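# Coordinate analysis (summary)
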Amino acid sequence: MQSNSLYYGDCLDWMEQWDDQSVDLIYLDPPFNSKANYNQLYHTDGGGDAQFRAFNDTWIWDHAAVERLQMYLNATALSAHDAICGLHRILGECGMLSYLTYMAQRLEQCWRLLKDTGSIYLHCDPTASHYLKILMDAIISKSGGGFSK
């Protein structure tokens, strides 16, 4: 990892390459599972308006979600294991669980990367904030006691 650099792509792919406890501050502004589609709008003088689909924030139970869930069900050492298993029993196989398994992978990596003196800020809305808190509590408490690094 290089200081003051911007990395393009899925943050999970990048974070897996970085050393433990190497980051001072993490700010996440992930998808919210808002069930909305977002477009990028462009306006040019005399050229009219244009737009393209920036991203879909609708989560479905698909093959990728099944794989993420199986990873958590089969790996008791993962810090979000208990939380994902409990959420699976409560929610069943649904779009919200698909979203939460996606987020759990990234939140575990964020916690691994964070220095003892570091801070994490997770930007979310009420759609899944309560579930994300459960995941963060599980990750932090199982990773070595306490809510501060």
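Residues numbered from 1 in each chain as written. Predicted model: local features only at pLDDT ≥ 70, side-chain atom pairs only at ≥ 80, totals over all residues. Heavy atoms only, no water.

Helix and strand counts for the protein stand at 5 helices and 4 strands. Once the C-alpha set of the protein is aligned to its principal axes, its extents read approximately 60 × 40 × 25 Å. The buried share of the protein, reckoned over its 149 residues, is 34%. A separation of at least 24 residues holds for 66% of the contacts in the protein among residues at least 6 apart in sequence. Carbon and sulfur atoms make up 52% of the accessible area of the protein, which totals about 9100 Å². The averaged location of the 18 negative side-chain charges in the protein is 6 Å from the averaged location of its 10 positive side-chain charges. (Helix = DSSP H or I, 4+ residues; strand = E, 2+ residues; numbered from the N terminus. Buried < 20%, exposed > 50% of the residue type's maximum accessible area, 1.4 Å probe, protein only. Contact = heavy atoms within 4.5 Å. Areas by Shrake-Rupley, 256 points an atom, 1.4 Å probe, with all protein chains shown as cover. Lys, Arg positive; Asp, Glu negative; His and termini not counted. Charge placed at Lys NZ, Arg CZ, Asp CG, Glu CD.)

A separate point is the layout of surface pockets. Considering only enclosed or pocket space, the largest pocket measures out at about 960 Å³ in volume. Around the largest pocket, the lining comprises 27 residues; the ones closest to its centre are Y7, C11, M15, W18 and Y27. Broken down by class, the residue content of the lining of the largest pocket amounts to 19 nonpolar, 5 polar and 3 charged. Around the second largest pocket, the lining comprises 13 residues; the ones closest to its centre are L78, S79, E108, Q109 and R112. Among the secondary structure elements, those contributing two or more residues to the lining of the second largest pocket are α2 (63–74) and α4 (95–113). If you tally residues by element for the lining of the second largest pocket, the top one is α4, at 5 residues. Taken together, the residues of the lining of the second largest pocket sort by class into 6 nonpolar, 4 polar and 3 charged. (1 Å grid on protein atoms, 1.4 Å probe; cavity = no way out; pocket = protein on both sides within 12 Å on 5 of 7 lines; lining within 4 Å. Points joined across faces, edges and corners; volume = space filled by probe spheres on them. Nonpolar A, V, L, I, M, F, W, Y, C, P; charged D, E, K, R; others polar.)

Let's shift gears to helix α3 (residues 81–91). All of the buried residues in α3 are H81, A83, I84, C85, G86 and L87. Residues of α3 that are buried sit in contact with α2, α4 and α5 (129–142). One or two steps after α3, the chain reaches G92, where phi turns positive at roughly 75 degrees.

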